Amino acid sequence: MAGSTVGIFTVWWKGLKIEMKTGSTLRLPGNQNKTETAGGTGFRYQQYQVGQFKGTAILPKGTSLAAFQPDVEDELQVMADTGQQWSFPDAYLLDAPDLADNGGNMPLTWNMNTYKELLS
């Protein structure tokens, strides 16, 4: 029997559904391992790492580019086609996107500190 894995993400930013191209990436916020070496020994310690969602959206006709300004924190919702869902209430865009004329492509990067995961 074949298994299922994530094929595409559906995204909502400030309640607006955003059409994403395939190739998006998601990293949840949490601790990451770091290594400090002293003498001939490596020591592990942890450091907090913010979460990140990165992808390329398209800007359809009638959608405002101004909706993607890096102004305030707001809710980002990400749903995988396999049923997993994540809600990030404190997400924020890092930069204003560059809108390309070859299909309305615009790369977007959000960072976040907290999340809630829903499994179906």
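Parameters at a glance
- Residues numbered from 1 in each chain as written.
- Predicted model: local features only at pLDDT ≥ 70, side-chain atom pairs only at ≥ 80, totals over all residues.
- Heavy atoms only, no water.
- Helix = DSSP H or I, 4+ residues; strand = E, 2+ residues; numbered from the N terminus.
- Rg over C-alpha atoms; globule rule 2.2 N^0.38 Å.
- Buried < 20%, exposed > 50% of the residue type's maximum accessible area, 1.4 Å probe, protein only.
- Contact = heavy atoms within 4.5 Å.
- Areas by Shrake-Rupley, 256 points an atom, 1.4 Å probe, with all protein chains shown as cover.
- Lys, Arg positive; Asp, Glu negative; His and termini not counted.
- Charge placed at Lys NZ, Arg CZ, Asp CG, Glu CD.
- Core = buried A, V, L, I, M, F, W, Y, C linked by side-chain atoms within 4.5 Å.
- Pairing = 2+ DSSP bridges.
- Salt bridge = Lys/Arg side-chain N within 4 Å of Asp/Glu carboxyl O.
- Phe/Tyr/Trp six-rings, centres within 6.5 Å; stacked < 30°, edge-to-face > 60°.

**Q** Got a minute to help me understand the overall build of the protein chain in this structure?
**A** When you go through the protein chain residue by residue, the secondary structure sums to zero helices and 10 strands. The linear arrangement of helices and strands in the protein chain, starting from the amino end, is β-β-β-β-β-β-β-β-β-β. Computed over the C-alpha atoms, the radius of gyration of the protein chain is 17 Å, more than 25% above the 14 Å expected from 2.2 N^0.38 for a compact globule of 120 residues. Per-residue burial for the protein chain yields a buried fraction of 28% across its 120 residues. The long-range share in the protein chain, meaning contacts at least 24 apart out of those at least 6 apart in sequence, stands at 62%. A total of about 7600 Å² of accessible surface is found on the protein chain, and carbon and sulfur atoms cover 49% of it. Computed over 9 positive and 12 negative side-chain charges, the inter-centroid distance for the protein chain is 4 Å.

**Q** In this structure, what is going on with the nonpolar core? I would like to understand it.
**A** What tends to happen in soluble globular proteins is that the nonpolar side chains get buried as a cluster. One finds Val-11, Phe-53, Leu-76 and Trp-110 to be the most contacted residues of the largest nonpolar core, which totals 20 residues. Breaking this core down by element, the ones donating at least two residues are strand S1 (9–13), strand S6 (51–58), strand S7 (74–80), strand S8 (85–93) and strand S9 (105–112). Apart from the residues lying within four places of it in its own chain, the contact partners of Val-11 are Leu-16, Lys-17, Ile-18, Met-20, Phe-53, Leu-76, Gln-77, Val-78 and Trp-110.

**Q** Please clarify how the environment of Leu-99 should be interpreted in this entry.
**A** If you trace the backbone, Leu-99 turns up in the loop between S8 and S9. Between the alpha carbons of Leu-99 and Leu-65 there is a distance of 8.3 Å; along the sequence they are 34 residues apart. Those residues within four positions of Leu-99 in sequence are excluded, and the remaining contacts are Leu-59, Leu-65, Gly-104, Asn-105 and Met-106.

**Q** Can you help me understand the pairing of S9 in this one?
**A** Both faces of the sheet carry side chains from a regular strand, because those side chains alternate between them. Among the eight residues that make up S9, seven are buried, leaving the element largely enclosed by the rest of the structure. Direction of pairing for S6 relative to S9: antiparallel, over a ladder of eight bridges. Note on S9: the bridge partner recorded for Ala-57 is Met-106. Strand direction decides the pairing type here: S8 and S9, joined by two bridges, are antiparallel. By the bridge assignment for S9, Leu-93 is matched with Trp-110.

**Q** Just checking my understanding: could you explain the pattern of salt bridges for this structure?
**A** Pairs can form between side chains of opposite charge whenever their charged atoms are close. Per the stated rule, a full pass over the model turns up two salt bridges. Lys-14 is paired through a salt bridge with Asp-71; the nearest N and O atoms lie 3.3 Å apart. Residue Lys-14 is located in the loop between S1 and strand S2 (16–18), and its partner Asp-71 is located in the loop between S6 and S7; the two are separated by 57 residues in the primary sequence. The partly exposed category is assigned to Lys-14, whose relative accessible area is 32%.

**Q** What exactly am I supposed to notice about the packing of aromatic side chains here?
**A** Working definition: an aromatic ring pair is given by the centre-to-centre distance plus the angle between the planes. The tally for this structure, following the rule as stated, stands at five aromatic pairs. Between Phe-53 and Trp-110, the aromatic rings sit 6.0 Å apart at their centres with planes inclined by 45°, giving tilted as the arrangement. With Phe-53 in strand S6 and Trp-110 in strand S9, this residue pair connects regions lying 57 residues apart in the sequence.

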